Amino acid sequence: IFSRKIVSTLWLRKFVKLASWALVFLSFIEPPAWCKDFSHPTDMSIVGCQGVMNAKGPPPESYLATRSLLASTNDNNQETPMLGTDEMVDYYPNTGVLYITREQGNYIECGLVGVILLYVLLGIMRDGCSLSLYFSHKGTHHNRVLRFIRCASILALLVGHLVLDYKRPFRHLFRILLAISFTSGVQREFRNVARMMPEILRTLLLLLIFTFFYAWIGVMAFFGASEGITYFPNLMEGCWTLWNCVTTANYPGAMMPGYNMTRWVSLYFVSFMIFAYFFIMNVILAAVVNNYDQLQEEYVEQKVRKTNQNLKQAFELLKKHPKDERIDRETFMTLLVVLNEDFPQLSEIQEDEAKILFGLLDKDGTETITEEEFMEFCNVMLLEFE
């Protein structure tokens, strides 16, 4: 009973959720795993995470070559600032700040995981210290998967300290999974994405077929030309080139070699971009938006339907006799007492407030509540008293 009351408190669940996301934030301020045993082959001062974070040296040759090219092609004949080989740049651009050490990161992670582990243990104690009951609680597959993810992530993070020390390549993934398992909004969005995928894949299949068809034309049309050798040597490379055009990553760069030879090449690329970029990509966007809106409407309808179903079941349980069509004041007041004792996540309802709530539900003034009146119970419970 004690574990059930503690686990159901709203402040504890918010604190555990905050701890799970603090683990994710920890990944951004702790030193990376690869720098623990790092040692520069020539510079003995660059050793470990502290040395890497503060390491400086001359800029790479590719950077100097690019800056020189920009300086030589400056249209305004103005001198372009350029780093010389005697100037230093940060190898690991983090302003030279090591926010926390490796040991501090381990201590913080253990503390946060310990808080989450305590919450999970309280949940197991609530179910009589039975793992089978804990994983089958409420009987929903969704809850079983979430609890398995929590336990597996906690176990992986704790065992990682003992077995793998700091070199745990998947610790960031387990932190994210742990945070998602406590965030219902993120879980709902993942479910929406999974349900939208069939419709989106059908549209993507159309884009794939169209891209494959144009890549085949490109391989045949540009065979032997410089553009064919560079961008369309085979079907796979052709598809990759056209996909980059759709993302505008290399467009019109892929078109320019052939365009400089003859303007007719633009018909190939422009026709592809009109249909793929302006039509199919917008169809994909429309499919995503329409399906997402439909899923949101279904979620709201399902939530309202489930709430009404639960209220009807609660009303049937509160009736003193199966044939009764009303519940009296005494039963309603007892219900509020039970809510105060067993559901600490709800604000405590005082006796005067309980009388006001009963009066709001008893619209016909008969000192009893019908099923139709009881259906407003959730809305009445949202009221706040000063």
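Look up a bit, the structure's there.
Residues numbered from 1 in each chain as written. Predicted model: local features only at pLDDT ≥ 70, side-chain atom pairs only at ≥ 80, totals over all residues. Heavy atoms only, no water.

Caption draft 1: Broad picture of the environment of Cys239. By secondary structure assignment, the location of Cys239 is in helix α11 (residues 235–246). When the C-alpha positions of Cys239 and Tyr214 are compared, they lie 8.0 Å apart, and in sequence the two are 25 residues distant. Those residues within four positions of Cys239 in sequence are excluded, and the remaining contacts are Thr211, Phe212 and Ala215. (Helix = DSSP H or I, 4+ residues; strand = E, 2+ residues; numbered from the N terminus. Contact = heavy atoms within 4.5 Å.)

Caption draft 2: Representation of helix α2 (residues 10–29) within the structure. The end-to-end C-alpha distance of α2 is 29 Å, a good match for the 28 Å that 20 residues give at a rise of 1.5 Å each. Inspection of α2 places Leu12, Val16, Ala19, Ser20, Leu23, Val24 and Leu26 among the buried residues, and these make up the whole buried set. (Expected span 1.5 Å × (residues − 1). Buried < 20%, exposed > 50% of the residue type's maximum accessible area, 1.4 Å probe, protein only.)

Caption draft 3: A look at the side chain of Thr331. Its location among the elements puts Thr331 in helix α14 (residues 329–342). When its relative accessible area of 14% is taken as the criterion, Thr331 is described as buried.

Caption draft 4: Main features of the packing of aromatic side chains. Per the counting criterion, the structure on display carries 20 aromatic pairs. Note on Phe210 and Phe275: the rings are 4.5 Å apart at their centroids and 40° apart in plane angle, and the pair reads as tilted. Separated by 65 residues along the polypeptide, Phe210 in helix α9 (residues 184–221) and Phe275 in helix α13 (residues 265–318) bring together distant segments of the chain. Here Tyr214 and Phe272 contribute two aromatic rings whose centre-to-centre distance is 5.3 Å and whose plane-to-plane angle is 50°, an arrangement assigned as tilted. (Phe/Tyr/Trp six-rings, centres within 6.5 Å; stacked < 30°, edge-to-face > 60°.)

Caption draft 5: The arrangement of the nonpolar core in detail. Grouped together as the largest cluster of nonpolar side chains are 24 residues, with contacts concentrated most on Phe232, Leu242, Tyr268, Phe269 and Phe272. Counting only elements with at least two residues in this core, the list comes to α9, α11 and α13. With nine residues, the single largest contributor to this core is α13. Counting 19 residues, the second-largest nonpolar core is a separate cluster that includes Ile327, Leu335, Leu339 and Leu357. (Core = buried A, V, L, I, M, F, W, Y, C linked by side-chain atoms within 4.5 Å.)

Caption draft 6: Geometry of the pattern of salt bridges. For the coordinates displayed, the defined rule picks out nine salt bridges. For Glu109, the salt bridge goes to Arg175, with nearest N and O atoms at 2.9 Å. Here Glu109, found in helix α5 (residues 102–126), pairs with Arg175, found in helix α8 (residues 171–181); they are 66 residues apart in sequence, far enough to count as distant. On the basis of relative accessibility, which here comes to 0%, the residue Arg175 falls in the buried class. Arg202 is paired through a salt bridge with Glu199; the nearest N and O atoms lie 2.3 Å apart. Here the residue Arg202 and the residue Glu199 both occupy positions in helix α9, the gap between them amounting to three residues, near one helical turn. (Salt bridge = Lys/Arg side-chain N within 4 Å of Asp/Glu carboxyl O.)

That's the geometry; what it means functionally is another story.
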